[in-house]
Structures are given as C-alpha cells and as structure tokens.
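# Commentary on secondary and tertiary structure
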Amino acid sequence: MAIIKTLALTKNYGKIEAVRSIDLNIEKGEIFGLLGPNGAGKTTTIGMLCTIVRPTSGSASIAGCDVIKEPARVRRKVGIVFQDPTLDTVLTGRENLELHARLYGIPAAIRGKRIMEMLELVDLQNRSNDLARTYSGGMRRRLELARGLLHRPAVLFLDEPTLGLDPQTRARIWEYIKKMAQTEGTTVVLTTHYMEEAQQVCGRVGIIDHGRIIELNSPDALKESMGGDMVVIKVKEPKLEEIRALPYVSEVRENDGLVEIIMKQSHLHLPDLLAHIRNVESVEIRIPTLNDVFIKLTGRDIREDSVEDSGSWVDTVARYRQRGS
C-alpha cells in the first residue's frame, strides 16, 4: 500500500524549473532514497511533501492526506530531520525532546516513557541531561533523529542526514536509521548524494537530475543495468573503436586520462581484451557502483556541485526566487 503518492508534482521559481512532473509511489515501511547532486531537486521535492514548499502544479498525498488541501493533517503525520541543525543548544537533550513532545500534543501520561524510548534507541540516555551544545556533531544528529520519530510519524523525511559528518559517524547514523525503521515501522524517505551509503539502507532509489526522476529501481537492479563489470585501464594512445568492436564490450569511454570499459564476464575476457591494447600502464577491475550508473545516465559525477538546492529550504527558496526575478 502506497503511503506517499505524487502525480506530475512540479515546482517552478519564476523561469527556474526546480522539480519537473515527478510521479512517485512509496510503500508503507519502505526506506526510499532520492539521490542526486546539489541542484537536482531533492530538497525541493521533500519540501513539497512536507508542506514547507507549495507545489506549482500536480498533486501529492501523505497517508491519504493531500499536501495542498490538508497541510495541517500532513504535518501531524510526518517527522523531519533537516540538513541544517535545528536543536535548541541551550536545552538538554531530554528538554529538546520534551519541547517537541508538547508541541505535538503527546499526552503527559506517556510523554516521559516515549522520550526515554527514543533516547535509548539512539544511545543517548546517559547524556540526556547534558546541554545539547556539549554534544558532538554525530550526537546532535542522533538526537534530531530521535526528535523526528518522537510523535510516531507515518513518514520520516531525512534531508542529507549525514552531510558534513566524518565517515565513522556517518556509518553509525545509518545504523540508527535502519534500526529506527525496523523498530518504529516508519516509512523513511532520505535525500543524499552519498550513493554508496544509500546502497546499504534503501530498498529502492530514485535518481533525480535537473528536477526529473530519470531512473527508479533497487540499488542492485540499477547496478546490473550497467551491463557488466567495469575495467579501468591507463594506456597511452588507446584505440577506442577497436575496443568497442569486441563482442563482450558494451560500453567504452575516456574519463580523466583513463579508459573505462563495461564488459561481461571480465574474468573470462580480460586476457583477450589486453591482447588488443598496447602499452597498458595499469588495470583495475571493479563492480559498477550507483555513481557509475549516474554518470552513465547524466554524463556527470553525482558529487559535482551546483549552487541550486544546496543548503536549507529557506535559502533554496530565496535563491530560486532571486534567480527567477
């Protein structure tokens, strides 16, 4: 049963098309990744689903509630962890959760128990009475995750949940995200440009570029669509047409001084391939990644930044309006 539905969802800022006619059906209990570089439209899409950004056209619903006609009902059904920190750092961890619980009307009789459950879920029970300003970046992120789940939302939106964190902390955050989805039974929708991380947690991913969903499938299916293993060769004066003519080669391209070859059963055909190439300096064989899929679909690396859609939703809206004026 789809808990999130969009039909031709679109957002324009003047002449700028931030999101272009997106159709989505996300199932209850699913961990869904919306992947793309800065400027692709990820944050704007989530903003519309959360009722923070009003769509220009199209429709969207969360748990049966229309995001345009019933924004108050939608907000009661969602939890949000923003890109930018939003904790009150002069309050303790427990007080941050207490404030959120009161704002969402969680009854006093169960409020304390619920807060303790969330603190235990993100392993902050021993620091709950410390001021949030004394927390590390990873601890603050975990507290924000706990706050987003405190009122038992039907859908939890995570906008770049590990942005700016070190690799070890990012790995721990992903562990908590998976744990929370399993424990709370919540649908999780996350945006990220760390594709290798999305592989670990997402059942499906939608690759978004220039405001459009250009591919949507499971991470494994997307990688299989590459058509084989990737062989990366450093060679002087490569003869690309000769390589392309080989029957087991599906794609050849030059990238930053290297020749990238997609080929089937590389373990069988590599000797024959190398026999057709002279002056090979190095050879690397690897399984295609989601970033390889993105490069194939868009012609650019997912980590290539652009100024649109970076930063907070408020900054994004202001930036688009300025450019569209």
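In this report, the structure presented in the accompanying data block is examined. (Residues numbered from 1 in each chain as written. Predicted model: local features only at pLDDT ≥ 70, side-chain atom pairs only at ≥ 80, totals over all residues. Heavy atoms only, no water.)

### Things to note about the side chain of T191
For the record, the criterion: Numbering of helices and strands starts at the N terminus; helices are DSSP runs of H or I of at least 4 residues and strands are runs of E of at least 2. For the exposure calls, accessible area comes from a 1.4 Å probe over protein chains only, and a residue counts as buried if that area is under 20% of its type's maximum, exposed if over 50%, partly exposed in between. Whether two residues touch is decided by their heavy atoms; if any such pair falls within 4.5 Å, the residues are in contact.
Mapped onto the elements of the fold, T191 is located in strand β8 (residues 187–192). In this structure T191 comes out as buried when scored by relative accessible area, which is 0%. Sequence-distant contacts of T191, that is, excluding residues within four places in its chain, are made with L34, K42, I46, L158, D159, E160 and P161.

### Some points on the packing of aromatic side chains
By convention here, two paired aromatic rings are described through the distance between centres and the angle between planes. For clarity, the cut-off: Ring pairs shown here join Phe, Tyr and Trp side chains whose ring centres sit within 6.5 Å, with only the six-membered ring taken for Trp; geometry is labelled stacked below 30 degrees between planes, edge-to-face above 60, and tilted in between. When the NZ atom of lysine or the CZ atom of arginine is within 6 Å of a ring's centre and also within 35 degrees of its normal, the charge is said to sit over that ring.
Under the criterion given, the structure shown has zero aromatic pairs. Sitting over the face of the ring of Y194, R170 holds its NZ or CZ atom 4.4 Å from the ring centroid.

### Comments concerning helix α4 (residues 108–121)
Selection rule: Given a helix with a known number of residues, its expected span is that number minus one, times 1.5 Å. By arc we mean the arc of the directions from the helix axis to the C-beta atoms, nothing more.
Over its 14 residues, α4 runs 20 Å from end to end, which matches the ideal 20 Å to within 8%, given 1.5 Å per residue. Buried residues of α4: R111, R114, I115, M118, L119 and L121, and no others. Each buried residue of α4 lies within a common arc of 155° when the element is viewed along its axis, so the set occupies one face. The outward face of α4, more than 90 degrees from its buried face, is lined by the exposed residues A109 and K113. Positive phi appears at D123, one or two residues downstream of α4, with a value of about 60°.

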